[in-house]
Amino acid sequence: DTEVTQTPKHLVMGMTNKKSLKCEQHMGHRAMYWYKQKAKKPPELMFVYSYEKLSINESVPSRFSPECPNSSLLNLHLHALQPEDSALYLCASSQAIRSGNTIYFGEGSWLTVV
Amino acid sequence: AQSVTQLGSHVSVSEGALVLLRCNYSSSVPPYLFWYVQYPNQGLQLLLKYTSAATLVKGINGFEAEFKKSETSFHLTKPSAHMSDAAEYFCAVQRGNAGNMLTFGGGTRLMVKP
């Protein structure tokens, strides 16, 4: 069983809605990640937080807004999304962002934008 | 820059047959290599990880992978396929100069025939 918990598992939202995806880990990890995965493709990195500070933003559009309230929690705020943003959103964590650290993934949140 | 190539986007085997999923890497430094599995409608689960401690790495569910520097390969094998092994498999390498960020291969879908 994964120790990275994501909610909700499924989300349908309109293009004018504001919603959030939530992620929690209790492994004491200090790095957390958001990935986006389209069907039949590998995951693509969106954001990385290290010690609750944004470390990497892979040129993600501003309609996606990450937030790390504490070392265990990671949110992804969604606003004014487009249908092409429909995808599986994966949260992940690792002990740190040092080379050699393993990244552990959650089960994902399926997002459909209508 | 590190990269991985997975040969064969689809592999089909009979139940009980050998599973061989191919991954070749490109890296200017000794790499950290990973195999992840993604079952239908789920997140990514770590199968195994190469860290240079041993060239033959044993993972979960009977899978193993052998690191061959001369061939720049890290192929995943399992002696006897089970129906429950049907999934998408991703090979990944850490980016090296960017900490533990992962670069994924394109994925291989394993189908197991009864």
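Since we're looking at a predicted model, the values are computed, not measured.

## What to know about the overall build of chain B
Within chain B, the regular secondary structure consists of zero helices and 11 strands. Its C-alpha atoms give chain B a radius of gyration of 13 Å, within 12% of the compact-globule value 13 Å for 114 residues. Taken along its principal axes, the extent of the C-alpha atoms in chain B is 45 × 30 × 20 Å. Relative to its 114 residues, chain B shows a buried fraction of 45%. Averaging the positions of the 9 positive and the 6 negative side-chain charges in chain B gives two centres separated by 6 Å.

## Regarding the environment of Gly14(A)
All names here are of chain A. Of note, Gly14 is situated in the loop between strand 2 (10-13) and strand 3 (18-25). Gly14 gets classed as buried once you look at its relative accessible area, which sits at 16%. Between the C-alpha atom of Gly14 and that of Val114, which follows or precedes it by 100 residues, the distance is 4.9 Å.

## Side note on the interface of chain A and chain B
The interface of chain A with chain B comprises 27 residues on the first partner and 21 residues on the second. Buried area between chain A and chain B, both sides added, is near 1800 Å², and the carbon and sulfur share of it is 54%. Scanning the region where chain A abuts chain B turns up zero salt bridges. Counting residues per element, the ones that place at least two in the side of chain A that touches chain B are strand 4 (31-37), strand 5 (44-50), strand 9 (87-94) and strand 10 (104-105) of chain A.

## Focus on the state of the cysteines
Residues and elements named next belong to chain A. The tally for this structure, following the rule as stated, stands at two disulfides over all chains. Each disulfide pairs two cysteine sulfurs, and for Cys23 the partner residue is Cys91, the sulfurs being separated by 1.9 Å. Measuring handedness by torsion sign, the sulfur bridge of Cys23 and Cys91 sits at about -75° and is left-handed. Residue Cys23 is located in strand 3, and its partner Cys91 is located in strand 9; the two are separated by 68 residues in the primary sequence. Cys91 matches Cys23 in its accessibility class, with the two residues each being buried.

## Focus: the pairing of strand 9 of chain A
Residue and element names in this part refer to chain A. Most of strand 9 is tucked away: eight of the eight residues are buried. Sheet analysis places strand 4 next to strand 9, joined by seven bridges and oriented antiparallel. When the sheet's bridge partners are listed, Tyr35 is paired in strand 9 with Leu90. Summarising the sheet, strand 9 and strand 10 pair through two bridges and their orientation is antiparallel. The partner of Ser93 across the bridge, within strand 10, is Tyr104.

## Here we look at the packing of aromatic side chains
Counted by the stated rule, this structure contains 13 aromatic pairs over all chains. For the pair Tyr35(A) and Phe105(A), a centre-to-centre distance of 5.2 Å together with 55° between the ring planes defines the contact as tilted. In this pair, Tyr35(A) is assigned in strand 4 and Phe105(A) in strand 10, connecting sequence segments 70 residues apart. Pairwise contacts between aromatic rings join Tyr33(A), Tyr35(A), Phe105(A), Phe34(B), Tyr36(B), Phe90(B) and Phe104(B) into one cluster.

## A short note on the sheet that holds strand 1 (residues 4-7) of chain A
Residues and elements named next belong to chain A. If you walk across this open sheet you meet the four strands as 1-3-8-7, and the pairing is antiparallel. This sheet does not close on itself; its edge strands, each paired only once, are strand 1 and strand 7 (64-70). For this sheet, the mean angle separating the axes of adjacent strands, direction not counted, is 20°. Where strand 7 lies against strand 8 (residues 73-79), five bridges are found, and the strand directions are antiparallel. From the neighbouring strand, Ser65 faces strand 8, where its bridge partner is His77.

Here is what the cut-offs are and how they apply
Residues numbered from 1 in each chain as written. Chains lettered and ligands numbered in written order. Predicted model: local features only at pLDDT ≥ 70, side-chain atom pairs only at ≥ 80, totals over all residues. Heavy atoms only, no water. Helix = DSSP H or I, 4+ residues; strand = E, 2+ residues; numbered from the N terminus. Rg over C-alpha atoms; globule rule 2.2 N^0.38 Å. Buried < 20%, exposed > 50% of the residue type's maximum accessible area, 1.4 Å probe, protein only. Lys, Arg positive; Asp, Glu negative; His and termini not counted. Charge placed at Lys NZ, Arg CZ, Asp CG, Glu CD. Contact = heavy atoms within 4.5 Å. Buried area = accessible area lost by both parts, 1.4 Å probe. Salt bridge = Lys/Arg side-chain N within 4 Å of Asp/Glu carboxyl O. Disulfide = S-S within 2.5 Å. Pairing = 2+ DSSP bridges. Phe/Tyr/Trp six-rings, centres within 6.5 Å; stacked < 30°, edge-to-face > 60°. Axes fitted to C-alpha atoms, helices over the stretch in contact; angles between N-to-C directions.

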